[in-house]
Every structure is written in C-alpha cells, then in structure tokens.
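The chain contents come next:
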Amino acid sequence: MNKFARFYFLFILLILSIPSVGSDLQLNGFIGQGYVYADDSQFVVGNDDHAFDITEAAFAVSWKPIEHVRVASALSFRQWGELYDAKVKFDYLFVEYTHLFGLATLGIRGGLFKNESGFYSSTRDVPFTRSSIMLPQSIYSDYFRDAQLHIEGADVFGIHQIFDGTLDWHLSLGKVDVTEDLENNVLGSANLGEFDSEHYYAVDVEFQNDNVWLGITYYNGKVNYISPISDSYFSGDIQLINWVFSGQFRYENFELTGEYLTGDTVINGLSLSPQLGEFTEPSLGYYLELRTYLPNEVELFVRFDKQIDNTNDKDGQGYAMNSGFPAYYGYADDWTFGTRWFPSHNWLLTLEYHQVEGASWVTPLISPMPSEQAKYWSMFAMQISYRFQW
C-alpha cells in the first residue's frame, strides 16, 4: 500500500512541476464517513450490531499532456465493515486516446479501470454519484465486487450524439483485480484458499437524454480458486455470465429507475465433496426505485430490490435440502426507504433504512451462519460526505 501511495504522490509532484500543464490538469476528490446498524444480522457489522468503520475517500487526477491523450488516476481508501478491510489502492490508473469524428468521439484506454455494468458500477464508490449508501445488491453485489469491478486490460469506447441525446458504448477485455476480500466474503477466511482472475469481458451500451436513460450490459467474468490444504474446499472456479437491462424515466420532480439482471453463476469445485463437480445456477435480480426531488436540495426515495440465487428454486427449498442451511439463504427481498440532502454543493448527508427478508447476499456465501442471521432483519445506514475540486 505504501509504495503505491508514494508512487502516486511522486507522480502528482512530477506533473505539477511541468510548466505547460495549465488547465489540462484536473484534481478532485472526496471523503465520506458512515455508520451502519443491523438487527438480527452480521451483514457489514460482524459480531457487533453496529459499525463505524464505514469510510471511503479518493484523490483523483486527470491530465492531458498532449492533444487526444489523457492520463487519469485515482488513489482510494476504503473500509466497509466486515465486507471490505481498510486499504489504500489505485481505484483506476489508465492512459486514454480519443479522437473526434464529426459528432462522434472514439477512444481506447489501457490500464486499470472500472467496469460499466449497469448505471452505477463505474461510480459506485463515489457517494455523490450513486443513488444510495448501499446500492441494490441484486445488481451491485458487495460480496462479489472483487470478481467484476476493477479491470486490468483495455476498453474501447464511443460517444455519439443522436436523437437529441447521447449514445455511449464500451467494449472491455481483461482480468479483474482480486483481493483477499473476495476470499473472506465467499469462503469466510483468506486462510481457506486464494482467488485469481482468469478473464473478464463485457459490452455496455447506454442512451441518455433529458427524460430517458436506457442501458444494456453483457459481462462474463471468471475467477479461479486454489485450495491450500487437503481438508479445505476443493480447487475450482466461479464464473458470472450476466445480462443487465437498465431504464430510468424522469418527469418534472419524479424519477423512476429499474434494473434487471439475468444470467448464470457457474461453480466448479468450492465444495467439501469432489463428487459435486460443476453446476450452474440460473440467477435473477431486479429493483424498482421511485425518487422525488424536493426544494432545498432534498431527495426522498423508496426501492424494492429482489434477488433469487437459483430461478429453478425460487423459495430456496431445494437449497435447504441439499445444503442443510435454511431456505432463506436462497433469496433476498429488500425494501429501502431513504433521503439525501445537499446542504451545499460540496456536502451530502444520506440516511436510509432497509427491511429485508432472506439472506442470499449475506456473507460468507459458502458457509453461512444461521445462528447469527435471521430470516427477517433490518439495517439502518447514514453517511456524511464532502467533495472538492481544484
């Protein structure tokens, strides 16, 4: 971590020392501090019923040394209770080339960047650009974020002005940047094995104008699992093959947003019995959210979020028979009620309450703890955030 931080700040000092940088350099960042309380669950909070270690911050740089070329990077700090250990790392670091062809812009970037799945994936770690503190887990799962969020590879993209709006598309190819958090969230401990990326590729297309925002994403990501000891889980892999369909419609002070995920989770190994081999679970997730914008920069929203791990076993009864764990680990229904308030352009206060049935996104996934997780549970979260730009 320290060597990344030292490299980053040396990079900043270098470009600031170049006389010709001028207005081609942009610096910005944010810091957010949150609190989570959970009742009848250890999700996020662990053994306690609350967590104050909900902190995220980033410092970002964008620089155009010459025409058509941009260098962009962000160094981030994030800790998210039991889901994400405190660490400093690069959020993205890439070189980008763009060229204007009439009303269209085409470009390519290479390095470390974030995926474009759905509306919020690429900006999900920025409090000001996501819709809530906890995004809908059916689409933006926190336990699998390491298997799909940070991509090391190449991204070809385009921006086109059509039909009084903007069409954006991305073609991405590479590998995901995996950390120990994936091992902790899936297995329950980093000592039980290690994940490594095999591949990630995706296609994302979005159209947006003043009243409509539409999108479709296909992504295929695979991570390998290596078992370190003979009496642990058998080595194998997890592959996520998903389609995400997104839509948002705005009318006056109201906004209706929905996203729908369908696809397969292919699991090979990761069990205590080698006879299980490879199996595929057709998964399903969606949410629908209504938001209203009130005077004095206040937002109110209500959202229903649903996730089904296996559409052939919607109530989880088959999962219960095969695993011995409660059926409610096979699905999750989450009602969220929240508000956001911007007291000024740079400050944001967010409050939200979740009422949940089921536990399909409660960690650890392979070895659930029913004694610590009820079928019906709730969660309250709050966060205050500040952003800056130079």
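Residues numbered from 1 in each chain as written. Predicted model: local features only at pLDDT ≥ 70, side-chain atom pairs only at ≥ 80, totals over all residues. Heavy atoms only, no water.

Q: Sorry, what's going on with helix α2 (residues 180–187) here?
A: Note that an α-helix has 3.6 residues per turn; residues three or four places apart therefore point the same way. Most of α2 sits out of view: six of its eight residues are buried. In the core, the buried residues of α2 are packed alongside β4 (84–101), β8 (194–208), β9 (212–226) and β10 (236–251). Gly188, located one to two residues past α2, shows a positive phi value of around 100°. (Buried < 20%, exposed > 50% of the residue type's maximum accessible area, 1.4 Å probe, protein only. Helix = DSSP H or I, 4+ residues; strand = E, 2+ residues; numbered from the N terminus. Contact = heavy atoms within 4.5 Å.)

Q: Honestly, a negative patch on the surface in this entry has me stumped. Any pointers?
A: There is a patch of like negative charges on the surface, built from Asp39, Asp40, Asp48, Asp49, Asp53, Glu82, Asp85, Glu180, Glu194 and Asp196. Inspection of the secondary structure puts Asp49 in the loop between β1 (25–39) and β2 (50–66). With a relative accessible area of 36%, Asp49 lands in the partly exposed category. (Patch = residues over 30% accessible without salt bridge, like charges linked within 9 Å, V, L, I, M, F, W, Y side chains within 5 Å. Areas by Shrake-Rupley, 256 points an atom, 1.4 Å probe, with all protein chains shown as cover. Salt bridge = Lys/Arg side-chain N within 4 Å of Asp/Glu carboxyl O. Lys, Arg positive; Asp, Glu negative; His and termini not counted. Charge placed at Lys NZ, Arg CZ, Asp CG, Glu CD.)

Q: Got a minute to help me understand the packing of aromatic side chains in this structure?
A: Given two aromatic rings, one states the distance between the centres and the angle between the planes to describe the pair. Scanning the model with the defined rule gives 24 aromatic pairs in all. Centroid distance Phe195 to Tyr225: 5.4 Å. Interplanar angle 45°. Geometry classified as tilted. Note that Phe195 is positioned in strand β8 and Tyr225 in strand β9, a separation of 30 residues in sequence. Neither Phe195 nor Tyr225 differs from the other in exposure class; each is buried. Plain terms: the ring middles of Tyr200 and Tyr219 are 6.2 Å apart, the flat faces sit at 20° to each other, and that makes the pair stacked. Linking Tyr200 in strand β8 with Tyr219 in strand β9, this pair joins segments that are 19 residues apart in sequence. Exposure class is identical for Tyr200 and Tyr219. Each is buried. Three or more aromatic residues joined by ring pairs make a cluster, and in this case those are Tyr260, Tyr286, Phe304, Trp335 and Phe337. (Phe/Tyr/Trp six-rings, centres within 6.5 Å; stacked < 30°, edge-to-face > 60°.)

Q: How should I be thinking about unusual backbone geometry in this particular structure?
A: The omega angle of the peptide bond from Thr363 to Pro364 is -5°, so this bond is cis rather than trans. Looking at where Pro364 falls in the secondary structure, it is placed in the loop between β15 (347–358) and β16 (376–389). Residues other than glycine seldom take positive phi values, yet Glu252 does so here, at roughly 50°. Looking at where Glu252 falls in the secondary structure, it is placed in the loop between β10 and β11 (254–268).

Q: Explanation requested: the side chain of Arg124 in the structure shown.
A: Position of Arg124 among the secondary structure elements: in the loop between β5 (104–114) and β6 (150–162). Here Arg124 falls in the buried class, since its relative accessible area comes to 5%. Among the polar contacts listed, one links the side chain of Arg124 to the side chain of Asp142, at a separation of 3.2 Å. Residues contacting Arg124, with those up to four places away along its chain left out, are Arg130, Leu135, Tyr140, Ser141, Asp142, Arg145 and Leu149. (Polar contact = N/O pair within 3.5 Å; in protein donor to acceptor, adjacent residues only side chain to side chain.)

Q: Help me out: how do you make sense of the pairing of strand β3 (residues 69–80) in this one?
A: With ten of its twelve residues buried, β3 lies for the most part within the structure. When β2 meets β3, the two strands line up antiparallel, connected through eleven bridges. Each bridged residue has a counterpart across the sheet, and for Val61 the counterpart in β3 is Ser73. The turn linking β2 back onto β3 is made up of two residues, and His68 within it adopts a positive phi angle of 80°. Strand direction decides the pairing type here: β3 and β4, joined by eleven bridges, are antiparallel. Across the sheet, Ala72 pairs through a bridge with Phe94, a residue of β4. Counting the residues between successive antiparallel strands, the hairpin from β3 to β4 contains three residues, one of them, Gly81, with a positive phi of roughly 55°. (Pairing = 2+ DSSP bridges.)

Q: Even after reading the chapter, I still don't get the nonpolar core, so can you show me in this structure?
A: Formed by 54 residues in total, the largest nonpolar core has its most connected members in Phe43, Phe144, Val186, Phe195 and Ile238. A per-element tally of this core places β9 first, with four residues. (Core = buried A, V, L, I, M, F, W, Y, C linked by side-chain atoms within 4.5 Å.)

Q: Sorry, what's going on with the environment of His170 here?
A: Mapped onto the elements of the fold, His170 is located in strand β7 (residues 165–176). Taking the C-alpha atoms as reference points, His170 and Phe325, separated by 155 residues in sequence, lie 40 Å from one another. Non-local contacts of His170, meaning those with residues more than four positions away in its chain, are made with Arg109, Glu116, Asp155, Val156, Phe157, Ala202, Val203 and Asp204.

Q: How do you make sense of the pattern of salt bridges when you look at a structure like this?
A: Close approach of charged atoms lets side chains of opposite charge pair. Counted by the stated rule, this structure contains 18 salt bridges. Arg303 is the partner of Glu289 in a salt bridge, and the nearest nitrogen-oxygen pair spans 2.9 Å. Taken as a pair, Glu289 in strand β12 (residues 278–294) and Arg303 in strand β13 (residues 298–308) lie far apart in primary sequence, 14 residues in all. Relative accessible area serves as the criterion here: at 1%, Arg303 is assigned to the buried category. Asp333 serves as the salt-bridge partner of Lys306, at 2.8 Å between the closest nitrogen and oxygen. Remark: Asp333 occurs in strand β14 (residues 331–344) and Lys306 occurs in strand β13; sequence separation between them is 27 residues. A residue is classified by how much of its surface remains accessible, and Asp333, at 15% relative accessible area, is buried. A network of salt bridges, in which partner residues are shared, links Glu56, Arg78, Asp91, Lys114, Asp125, Arg130 and Arg145.

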